[in-house]
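# Reading the structure
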Amino acid sequence: MVFITLRWSVYTIPNIARFRRIGVGRGDSMSGSRSDLDACAREPIHVPGAIQPHGSLLVLDPADLAVLWVSANFEEITGRTPVELLRSVEAALRAWRATGTHSYRARLQNPDLDMAAHVHQGRIVVEFERSTPVFHNALLFRLTGFAQQMTATEELADALSATTHLIAELTGFDRALVYRFDPEWNGHVVAEAGNGMLPSYLDLRFPAADIPAQARNLYSLNRIRLIPDANYTPVSLTAIGEEQDAGSIDMTFTQLRSVSPIHLEYMRNMGTLSSMSISVMVDGKLWGLLSCHSRNAHHVTSDIREACDFVVQSLAMRISSDSRAETAALGIELARVHTRLLAEMAKTDKWDEGLARAPAALLELTRADGVAILSQDSFLPVGQAPEERQVRRVVGRLSQQGAATDFYCTDSIALELPEDDVFTDATCGVLALRISEVQDSWLVWFRQEVVKTVTWGGDPHKVVRESGRIHPRKSFEAWREMVRGRSAPWHPAEVAAARDLRASIVEIVLKKAEQMARLAADLQKSNRELEAFSYSISHDLRAPFRHIVGFSQLLTEREKNLGERSRHYLQMISDSALAAGELVDDLLTFSHLGRAALSADKVDMNKLVDEVRRGLAEEAASRSIVWQVDDLPPATGDATLLRQVWYNLIDNAVKYTRLREEAHIEISADRTDDGVLYRIADNGVGFDMAYRSKLFGVFQRLQRSEDFEGTGIGLALIKRIVERHGGSVDAMGTIDEGACFTFSLPALPEE
Amino acid sequence: MPEMRPILLVEDNPRDLELTLTALEKCQIANDIVVARDGAEALDFLYLSGSHAARDPGDPAVVLLDLKLPKVDGLEVLEKVKRDENLRHVPIVMLTSSREEQDLVKSYELGVNAFVVKPVEFNQFFKAIQDLGVFWALLNEPPPKLRLVGGN
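Residues numbered from 1 in each chain as written. Chains lettered and ligands numbered in written order. Predicted model: local features only at pLDDT ≥ 70, side-chain atom pairs only at ≥ 80, totals over all residues. Heavy atoms only, no water.

### Focus: the overall build of chain B
A tally of helices and strands in chain B yields five helices and five strands. Mapped from its N terminus to its C terminus, chain B presents α and β elements in the order β-α-β-α-β-α-β-α-β-α. Taking all 152 residues of chain B together, 50% fall into the buried category. For chain B, restricting intrachain contacts to residue pairs at least 6 apart in sequence, the fraction spanning at least 24 positions comes to 65%. Accessible surface for chain B amounts to roughly 7900 Å². Of this, 51% is attributable to carbon and sulfur atoms. (Helix = DSSP H or I, 4+ residues; strand = E, 2+ residues; numbered from the N terminus. Buried < 20%, exposed > 50% of the residue type's maximum accessible area, 1.4 Å probe, protein only. Contact = heavy atoms within 4.5 Å. Areas by Shrake-Rupley, 256 points an atom, 1.4 Å probe, with all protein chains shown as cover.)

### Regarding the overall build of chain A
In terms of regular secondary structure, chain A is built from 18 helices and 30 strands. Burial analysis of chain A (751 residues in total) assigns 48% to the buried set. Of the contacts made within chain A by residues no fewer than 6 positions apart, 67% connect residues no fewer than 24 positions apart. Put simply, chain A shows about 37100 Å² of open surface, and 53% of that area lies on carbon and sulfur atoms.

### Points about the pairing of strand 9 (residues 187-194) of chain A
All names here are of chain A. Where burial is concerned, most of strand 9 is hidden: six out of the eight residues are buried. Here strand 8 (residues 175-181) pairs with strand 9 via seven bridges, running antiparallel. Looking at strand 9, one finds that Val178 is bridged to Ala191. Connecting strand 8 to the next strand, strand 9, in antiparallel fashion are five residues, including Trp185 with a positive phi near 70 degrees. The pairing of strand 9 with strand 10 (residues 205-206) spans two bridges and is antiparallel. (Pairing = 2+ DSSP bridges.)

### Things to note about the packing of aromatic side chains
Residue and element names in this part refer to chain A. Here the structure, examined in full by the defined rule, presents 14 aromatic pairs over all chains. Ring geometry for Phe74 versus Phe128: centroids 5.7 Å apart, planes at 90 degrees, classification edge-to-face. On the criterion of sequence distance, the pair formed by Phe74 in helix 2 (residues 74-78) and Phe128 in strand 7 (residues 123-130) is long-range, its members being 54 residues apart. Residue Phe128 is classed as buried on the basis of its relative accessible area of 1%. (Phe/Tyr/Trp six-rings, centres within 6.5 Å; stacked < 30°, edge-to-face > 60°.)

### As for the pattern of salt bridges
Within this structure, the stated rule accounts for 38 salt bridges over all chains. In this structure, the salt-bridge partner of A:Arg105 is A:Glu306, at a minimum N-O distance of 2.8 Å. Placement of A:Arg105 in strand 5 (residues 103-108) and of A:Glu306 in helix 8 (residues 302-347) is noted, with a sequence separation of 201 residues between them. Exposure remark for A:Arg105: the relative accessible area of 40% places this residue in the partly exposed category. Residue A:Glu306 is classed as partly exposed on the basis of its relative accessible area of 30%. Notably, a salt bridge pairs A:Glu333 with A:Arg336, separated by 2.4 Å at the nearest N-O pair. Remark: A:Arg336 and A:Glu333 occur in helix 8; sequence separation between them is three residues, near one turn of the helix. Taking the relative accessible area as the measure of exposure, A:Glu333 reaches 29% and is therefore partly exposed. Since its relative accessible area comes to 42%, A:Arg336 is described here as partly exposed. Salt bridges here are not isolated pairs; linked through shared partners, they connect A:Arg546, B:Glu11, B:Asp16, B:Asp66 and B:Lys118. (Salt bridge = Lys/Arg side-chain N within 4 Å of Asp/Glu carboxyl O.)

### Points about the side chain of A:Ser320
Following the sequence through the fold, A:Ser320 ends up in helix 8. With residues up to four places along the chain from it excluded, the contact list for A:Ser320 reads A:Val282 and A:Asp283.

### Some details on the state of the cysteines
Residue and element names in this part refer to chain A. For the coordinates displayed, the defined rule picks out zero disulfides over all chains. With no disulfide of its own, Cys308 has Cys292 as its nearest cysteine by sulfur position, at a separation of 6.5 Å. Cys308 gets classed as buried once you look at its relative accessible area, which sits at 0%. (Disulfide = S-S within 2.5 Å.)

### Observations regarding the sheet that holds strand 2 (residues 50-51) of chain A
All names here are of chain A. On the basis of which strands lie adjacent, the open sheet formed by seven strands has the order 2-12-4-3-7-6-5 and antiparallel pairing. Bordering the open sheet on either side are strand 2 and strand 5, each of which pairs with just one other strand. Running over the sheet, helix 3 (residues 82-99) touches strand 3 (56-60), strand 4 (67-71), strand 5, strand 6 (113-120) and strand 7 and is turned about 55 degrees from strand 6. (Axes fitted to C-alpha atoms, helices over the stretch in contact; angles between N-to-C directions.)

### A few points about helix 14 (residues 564-593) of chain A
Helix length check: helix 14 of chain A, at 30 residues, gives a terminal C-alpha distance of 43 Å against a target of 44 Å (1.5 Å per residue), a fit within 8%. Those residues of helix 14 of chain A lying buried are A:Leu570, A:Ser574, A:Ala577, A:Leu578, A:Ala580, A:Gly581, A:Val584, A:Asp585, A:Leu588, A:Phe590, A:His592 and A:Leu593. In this structure, the buried residues of helix 14 of chain A make contact with helix 13 (492-558), helix 17 (639-656) and helix 18 (714-724) of chain A together with helix 4 (101-110) of chain B. (Expected span 1.5 Å × (residues − 1).)

### Concerning the interface of chain A and chain B
In this assembly, 24 residues from chain A lie in contact with 25 residues from chain B. Looking at the side of chain A facing chain B, the largest losses of area belong to A:Tyr535, A:His539 and A:Arg546, adding up to 31% of the total buried there. Counting every contact that joins chain A to chain B gives two salt bridges. Of the charged contacts, one joins A:Glu557 and B:Lys26 as a salt bridge, the two residues approaching to 2.8 Å between their closest N and O atoms. The interface formed by chain A and chain B includes four residue pairs in polar contact (both at pLDDT 80 or more). Where the side of chain A that touches chain B is concerned, the elements lending two or more residues are helix 13 and helix 14 of chain A. A total of 16 residues in the side of chain A that touches chain B trace back to one element, the largest contributor, which is helix 13 of chain A. Across the side of chain A that touches chain B, the residue classes break down as nine nonpolar, nine polar and six charged. (Buried area = accessible area lost by both parts, 1.4 Å probe. Polar contact = N/O pair within 3.5 Å; in protein donor to acceptor, adjacent residues only side chain to side chain. Nonpolar A, V, L, I, M, F, W, Y, C, P; charged D, E, K, R; others polar.)

### With respect to the packing of helix 5 (residues 156-171) of chain A against helix 8 of chain A
All names here are of chain A. For the pair helix 5 and helix 8, interaxial distance at closest approach is 10 Å and the crossing angle is 180 degrees. Viewed along their axes, helix 5 and helix 8 adopt a mutual orientation that is roughly antiparallel. Touching Leu156, Ala159, Leu160, Thr163, Leu166, Ile167, Leu170 and Thr171 of helix 5 are Ile304, Cys308, Val311, Val312, Leu315, Arg318, Ile319 and Asp322, all from helix 8. (Parallel < 35°, antiparallel > 145°, perpendicular 65-115°, else oblique.)

### Digging into the packing of helix 13 of chain A against helix 14 of chain A
Residues and elements named next belong to chain A. In contact at an axis separation of 9 Å, helix 13 and helix 14 are set at 160 degrees when each is read in the N-to-C sense. As judged from the angle between their axes, helix 13 and helix 14 are roughly antiparallel. As helix 13 packs across helix 14, the resulting crossing turns out to be left-handed. For the pair formed by helix 13 and helix 14, the contact residues are Ser534, Ile537, Ser538, Leu541, Arg542, Phe545, Ile548, Val549, Ser552, Gln553, Leu555 and Thr556 on the first element and Arg567, Leu570, Ile573, Ser574, Ala577, Leu578, Ala580, Gly581, Val584, Asp585, Leu588 and Ser591 on the second. Taken together, the residues of the contact of helix 13 with helix 14 sort by class into 13 nonpolar, eight polar and three charged. (Left-handed = near helix turned anticlockwise from the far one by under 90°.)

### Details of the confidence of the model for chain B
Here chain B shows a mean pLDDT of 83. Residues at 70 or above account for 91%. As scored by the predictor, the complex reaches a pTM of 0.55 and an ipTM of 0.74. (pLDDT = per-residue confidence, 0-100.)

### Description of the sheet that holds strand 29 (residues 728-734) of chain A
Residues and elements named next belong to chain A. The five strands are arranged 25-27-28-30-29 in an open sheet whose pairing can be described as mixed. Single-partner strands in this sheet number two, and they are strand 25 (625-629) and strand 29. Between one strand axis and the next, the sheet turns through 10 degrees on average, direction left out of account. One ladder, built from five bridges, connects strand 25 with strand 27 (residues 663-671); its direction is parallel. If you follow Ile625 over to strand 27, its bridge partner there is Ala663. Strands strand 25, strand 27, strand 28 (675-682) and strand 30 (738-746) of the sheet are contacted by helix 15 (residues 605-615), whose axis makes an angle of about 170 degrees with strand 25.

In structure tokens, the structure reads:
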């Protein structure tokens, strides 16, 4: 029998292009039938007002166990009137009520009945089903073996398969299958056992609309459902008390609840007259269903159903532990990657550059194909990241959605942002995190499209309409489609890892900002201290030197009869104090240079050099100095400071040529590409080029102080002034032949 | 020949005081030199109050004012004098050991007539004091006597 025919359809993006937000279930893709489907999804299946005929039901008043409702088949099933039967179970029910628990089960004898009672919405519901003897020892043995198998089986697929085989064996259904929900509530048959009476559904998918939301809700609350015969006639309830509307009885927790006619039609269409399903609840959530079917009517007693529930919950525990182990293992792996990224970030000042230095780890953290780190003024792509224009467009869209959107995650960006045609390449998955709102910086991972073929149990896009009412589909022929436009979904552990990384980055950025603020505060404090220090140097240290010099001088003038040696000593005292005073002045000038604002005027260098030479005329008067001063181009800068530069350089030239009979001092300049290079050369004592690098340091002297006076700050001062003007200094020298100092200044702006 | 009005020297440091007096003495200025040892005393002299309540009336030819003083410092004295309609014409020369630019700026903002950083080298110091004395006490022409408005 050829039951399944294969048809192909290419599922392209425009066909299903609808805007969808993450976290909301996928809107089904059937068109033109929404109101019908909604009506179907709204059907109040928990209050059918009737039960299935394989058992009978009483509704009691909890206060006095008075009968409020009774099912029409009560005597047929139990062989007793409600009053008769109640009399024999009243004591047991009262004892159960005293415990305060939700439900109660008992096996009655004579007649042989399974009784199940529960309290719901202020009523006691008691259900009776005929029981048949069960071989308890054999069943227990089988269940124990299964429980062991659940812990020992390595692969989940094997555990699923074993479950279906056991259930099929215990219940005698033609087929048992495990039906797993995807995040959008489509079902996927992942394991199956059968006797060949029914077609295999293994690996088929069923659209979410097959099991509407309120049905799924009932599945979560009440795990077991049995429909022994889809052709059954519902059994009505008879009111004994004042309540007349049987539709007011909430049957959420009953086992005999009559099911939706649409579901029965669905079963008949599927070619199965009996079914049973047990919910697979993993960590409190509906993971899937264990579903059984037979071609013909088939009944399973409540003991066996309980045993099956035990089997399925054992499987659920196995699934839960697998998923926890997988998440934990992935978490550990991702934590390792996280640590590696932190280490890279710690090596640089900028977190984004640090991350970009570990591209492999950054991709591994979320198992992405590409990632982009971007802020207002930077874009760092890693791996298969889309173009900057595309990434900025997406991030811009997210920014517009408000401050709350600092996290965004999708496996189908083109579906999420359909009006954005920027993603025409293979990028489908996007995981975006905003790092800083102030700088608008983001970390965005990308995944490429994964094309997969899905086989549906029937065309999920086709809606059957008859007489203005929706009907469940009749065709369960396999229908294949190629799903395009989606990446692999982001695993919760990967999303968590991405969020953790963001937290680390924010912490690092914050910590750095705090450090900078602290440093700035420290710096301000030490600057203030330094200023106070330079003030006190200037004021308090200068005065005593002046006094020493002054009084030595007065003493020398007053005591005309002082001996030669005494006079010499006084001169030494005076000279020392004078030198110290000059040192204080130089130090102060030097320290001021760091903070004083520079003026930037056009400076006539010829004029400056002339002024300096006139100032030194007295010193030079007794000497034979040959000056050669060229015409000097003007400079831009602070005239006072540049005068200081010329003063120190010319003063040095005059000083260090003192031993020459005829000193030669040349001052010249060259225009260069960048500006002007000024030069002053002399034929003085020169210096050893080995010490060239030390020349411009503070307190560096290359001459013995008794030969040439000076504080050792002059050249350091020159360097500082020139550098503050954006120029540089240099010197060449030959011992005993002379020295040539140069300094460059940037070009004047064009006038 | 201008009348011989005194020079008010405000100086707390005894060594500076001695050096300054020596320098003034050497340049043979005939003016009296009144010494105040702090800002408060200087103000007493200028306002004929306190220990100077009974002095001969008249303003000094020049005030040589040290910047750092106990009690009321030099900048405060300067500010008070230059804000006083009756005293603002009195020339004030700020003398200081400090080469701090901010003091210079502040002094000029307050209307100082001259600002002199005392040179370390004695001959320069001597010359500076001498120049000051000669200029302000001998050469400088004081403004005409102010008539007291509404006075007798």
